[in-house]
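Read off the chains here:
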Amino acid sequence: MIAEHHDSTSMEQETQRRIKIKQSQLQIALEGNMPHVARGLKRQLVELQRQIKSPPDSDFQALMSLVDD
């Protein structure tokens with residue numbers, strides 16, 4: 001039981017880490033004027049957010065507003 005909790009915690013931490021990386025990549029794509037890359041990263045971020053079932057933070061929302069079609 002404790003191992004299951006630890007596994008889910010470490011998986012959530014890994015997902016959070018991946019989200020931070022994708023957010024950084026998205027910011028670079030936006031600054032580099034790469035709209036196709038930005039849209040792909042946006043989709044990946046949304047999926048990662050779903051995996052941890054937490055609302056996106058305000059910085060993430062600000063980035064997403066720049067990419068919206």
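Cut-offs and rules
- Residues numbered from 1 in each chain as written.
- Predicted model: local features only at pLDDT ≥ 70, side-chain atom pairs only at ≥ 80, totals over all residues.
- Heavy atoms only, no water.
- Patch = residues over 30% accessible without salt bridge, like charges linked within 9 Å, V, L, I, M, F, W, Y side chains within 5 Å.
- Areas by Shrake-Rupley, 256 points an atom, 1.4 Å probe, with all protein chains shown as cover.
- Salt bridge = Lys/Arg side-chain N within 4 Å of Asp/Glu carboxyl O.
- Helix = DSSP H or I, 4+ residues; strand = E, 2+ residues; numbered from the N terminus.
- Buried < 20%, exposed > 50% of the residue type's maximum accessible area, 1.4 Å probe, protein only.
- Expected span 1.5 Å × (residues − 1).
- Contact = heavy atoms within 4.5 Å.
- Core = buried A, V, L, I, M, F, W, Y, C linked by side-chain atoms within 4.5 Å.

Enquirer: What am I meant to see in a nonpolar patch on the surface here?
Expert: A surface patch of nonpolar side chains, amounting to about 260 Å² of accessible area, comprises Ile28, Met34 and Val37. Its location among the elements puts valine 37 in helix H2 (residues 35-52). With a relative accessible area of 42%, valine 37 lands in the partly exposed category.

Enquirer: What am I meant to see in H2 here?
Expert: One turn of the α-helix equals 3.6 residues, which is why residues spaced by three or four share an orientation. Along its 18 residues, H2 runs 26 Å from first to last C-alpha, staying within 8% of the 26 Å computed at 1.5 Å per residue. One or two residues past the end of H2 sits lysine 53, with phi positive at roughly 55°.

Enquirer: Whenever I open this one, the environment of lysine 53 confuses me. Can you help?
Expert: On the secondary structure map, lysine 53 appears in the loop between H2 and helix H3 (58-67). With 41 residues separating them along the chain, lysine 53 and glutamate 12 place their C-alpha atoms 9.9 Å apart.

Enquirer: Is there a simple way to explain the side chain of threonine 15 in this structure?
Expert: As for its position among the elements, threonine 15 is in helix H1 (residues 2-31). Residue threonine 15 is classed as buried on the basis of its relative accessible area, which comes to 9%. When near neighbours in sequence (up to four residues on either side) are disregarded, threonine 15 contacts Leu48, Gln51 and Ile52.

Enquirer: So what exactly am I meant to see when it comes to unusual backbone geometry here?
Expert: Phi at asparagine 33 takes a positive value of approximately 55°, unusual for a residue other than glycine. In this structure, asparagine 33 sits in the loop between H1 and H2.

Enquirer: Mind showing me how you'd approach the pattern of salt bridges here?
Expert: Oppositely charged side chains can pair when the atoms bearing their charge come close. Tallied over the entire structure, the rule returns two salt bridges. Notably, a salt bridge pairs arginine 17 with glutamate 14, separated by 2.7 Å at the nearest N-O pair. Here glutamate 14 and arginine 17 lie together in helix H1, a separation of three residues that amounts to about one turn. A salt bridge links glutamate 47 to arginine 50, with the shortest nitrogen-to-oxygen separation between them at 3.2 Å. With glutamate 47 and arginine 50 both in helix H2 and three residues apart, the pair spans about one turn of that helix.

Enquirer: What am I meant to see in the nonpolar core here?
Expert: Considering soluble globular proteins, one finds that nonpolar side chains tend to be buried as a cluster. Within the largest apolar cluster, nine residues are counted, these being Ile19, Leu26, Ala29, Ala38, Leu41, Leu45, Leu48, Ile52 and Met64. Contributing elements (two or more residues each) for this core: H1 and H2. For this core, the element with the most residues is H2, which contributes five residues. Residues in contact with alanine 29, not counting those within four places in the same chain, are Met34, Val37, Ala38 and Leu41.

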